[in-house]
Amino acid sequence: HVHVVESGGGLVQPGGSLRLTCAASGSWFSIFDMDWYRQAPGKQREMVAAYSDDRINYADSVKGRFTISRDYAKNTVYLQMNSLKPEDTARYYCKTGIRNTEWSAVVDYWGQGTQVTVSS
């Protein structure tokens with residue numbers, strides 16, 4: 001069983017910063033990717049930043065403001081969010097892609113999310 005837990009959300013003023021943390025625990029053959037998504041009320045869930053095999057992708061809306069980093073030894077991924085805007089307000093979710101064996105398909109596991117609210 002794989003467990004994914006996010007932390008670090010909160011209330012911040014526009015222009016402020018937050019650092020989100022996502023930790024995966026359990027047993028597996030390998031972690032394929034660790035990504036951040038977000039979902040605002042009434043909107044679809046969208047990819048914010050993705051980290052896979054040392055390749056990093058960002059949504060256009062966060063480029064230059066958000067930075068994803070990964071600690072392979074700790075099975076952890078971080079999202080440093082700077083220059084936050086009200087439109088960044090959303091619940092942020094971590095998705096971890098796991099291979100249970102060398103030849104198995106990647107299975108995605110999601111955390112429960114952490115709320116980020118940007119407001120004055």
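Preceding this section is the structure that the text describes.
To keep things clear, this report deals only with the structure shown in the data block. From a predicted model like this one, the values you see are computed outputs, not experimental measurements. (Residues numbered from 1 in each chain as written. Predicted model: local features only at pLDDT ≥ 70, side-chain atom pairs only at ≥ 80, totals over all residues. Heavy atoms only, no water.)

Moving on: the side chain of Arg70. Mapped onto the elements, Arg70 comes out in strand 7 (residues 66–71). Salt bridges are absent for the buried Arg70, whose nearest opposite-charge side chain, Asp53, sits at 6.0 Å. A polar atom in the side chain of Arg70 sits 3.4 Å from the backbone oxygen of Ile31. At 3.3 Å, the side chain of Arg70 and the backbone oxygen of Tyr51 are in polar contact. Among residues more than four places away in sequence, those in contact with Arg70 are Ile31, Phe32, Asp33, Met34, Tyr51, Ser52, Asp53, Thr76 and Val77. (Helix = DSSP H or I, 4+ residues; strand = E, 2+ residues; numbered from the N terminus. Buried < 20%, exposed > 50% of the residue type's maximum accessible area, 1.4 Å probe, protein only. Lys, Arg positive; Asp, Glu negative; His and termini not counted. Salt bridge = Lys/Arg side-chain N within 4 Å of Asp/Glu carboxyl O. Polar contact = N/O pair within 3.5 Å; in protein donor to acceptor, adjacent residues only side chain to side chain. Contact = heavy atoms within 4.5 Å.)

Below, the discussion takes up the nonpolar core. Trp36, Val48, Phe66, Leu79, Met81 and Tyr92 are the most contacted members of the largest nonpolar core, which has 27 residues in total. Breaking this core down by element, the ones donating at least two residues are strand 3 (18–25), strand 4 (30–39), strand 5 (46–52), strand 7, strand 8 (76–81), strand 9 (90–99) and strand 11 (114–118). Those residues in contact with Tyr92, other than ones at most four positions away along the chain, are Glu6, Leu20, Trp36, Tyr37, Arg38, Val48, Phe66, Leu79, Met81, Gly113, Thr114 and Val116. (Core = buried A, V, L, I, M, F, W, Y, C linked by side-chain atoms within 4.5 Å.)

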